[in-house]
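Spelled out from the first residue to the last, the chains are:
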Amino acid sequence: MNNKVLVIDMHRRFGGGQMHSLCKLKMFKENGIDAHILISRDKKFREKLSELGLNFTKTHIRLLFFVKPIFKVALAIKIFFMCKKHKFKIVHCNSDYEIGAARLAAKFLPLKVI
């Protein structure tokens, strides 16, 4: 069984949503699941992830959020290529627009979106 999970967290500032993602990543690591997180360019969150030795990729896609159709497609493309490269089978999202983009990528890859 392939235990590779991609967690998506596009929150702008470090807060409750990012703390939830951080706890989820710690839980995955403790259970031996290979997890990676796609984050926006929040410096505080990147430092926290680096301190804990967790895998992350930062992106500037969040800048397109105000034009939601473009944002959704750009995020879907990023998810598609990350999942294809790293062979992720599960994508864990924290908001509705992340789920929409992940489902769009899942139309082309065998992904389970949570």
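Residues numbered from 1 in each chain as written. Predicted model: local features only at pLDDT ≥ 70, side-chain atom pairs only at ≥ 80, totals over all residues. Heavy atoms only, no water.

This brings us to the pattern of salt bridges. Side-chain pairing between opposite charges can occur once the charged atoms of the two side chains come close. Using the criterion set out here, one finds 1 salt bridge in the structure. The partner of D34 in a salt bridge is K4, with the nearest N and O atoms 3.6 Å apart. Residue D34 is located in strand β2 (residues 34-39), and its partner K4 is located in strand β1 (residues 4-9); the two are separated by 30 residues in the primary sequence. Residue classification places K4 among the partly exposed residues on the basis of a relative accessible area of 21%. (Salt bridge = Lys/Arg side-chain N within 4 Å of Asp/Glu carboxyl O. Helix = DSSP H or I, 4+ residues; strand = E, 2+ residues; numbered from the N terminus. Buried < 20%, exposed > 50% of the residue type's maximum accessible area, 1.4 Å probe, protein only.)

This brings us to the packing of helix α3 (residues 68-86) against helix α4 (residues 96-106). Look at α3 against α4: their axes get within 8 Å of each other, and the N-to-C directions meet at 55 degrees. Taken together, α3 and α4 sit at an angle that is classed as oblique. Remark: the crossing between α3 and α4 carries right-handed chirality. Residues F71, K72, V73, L75, A76, I79 and F80 of α3 form the contact with α4, whose participating residues are Y97, E98, G100, A101, A102, L104 and A105. Within the contact of α3 with α4, the residues separate by chemical class into 11 nonpolar, 1 polar and 2 charged. (Axes fitted to C-alpha atoms, helices over the stretch in contact; angles between N-to-C directions. Parallel < 35°, antiparallel > 145°, perpendicular 65-115°, else oblique. Left-handed = near helix turned anticlockwise from the far one by under 90°. Contact = heavy atoms within 4.5 Å. Nonpolar A, V, L, I, M, F, W, Y, C, P; charged D, E, K, R; others polar.)

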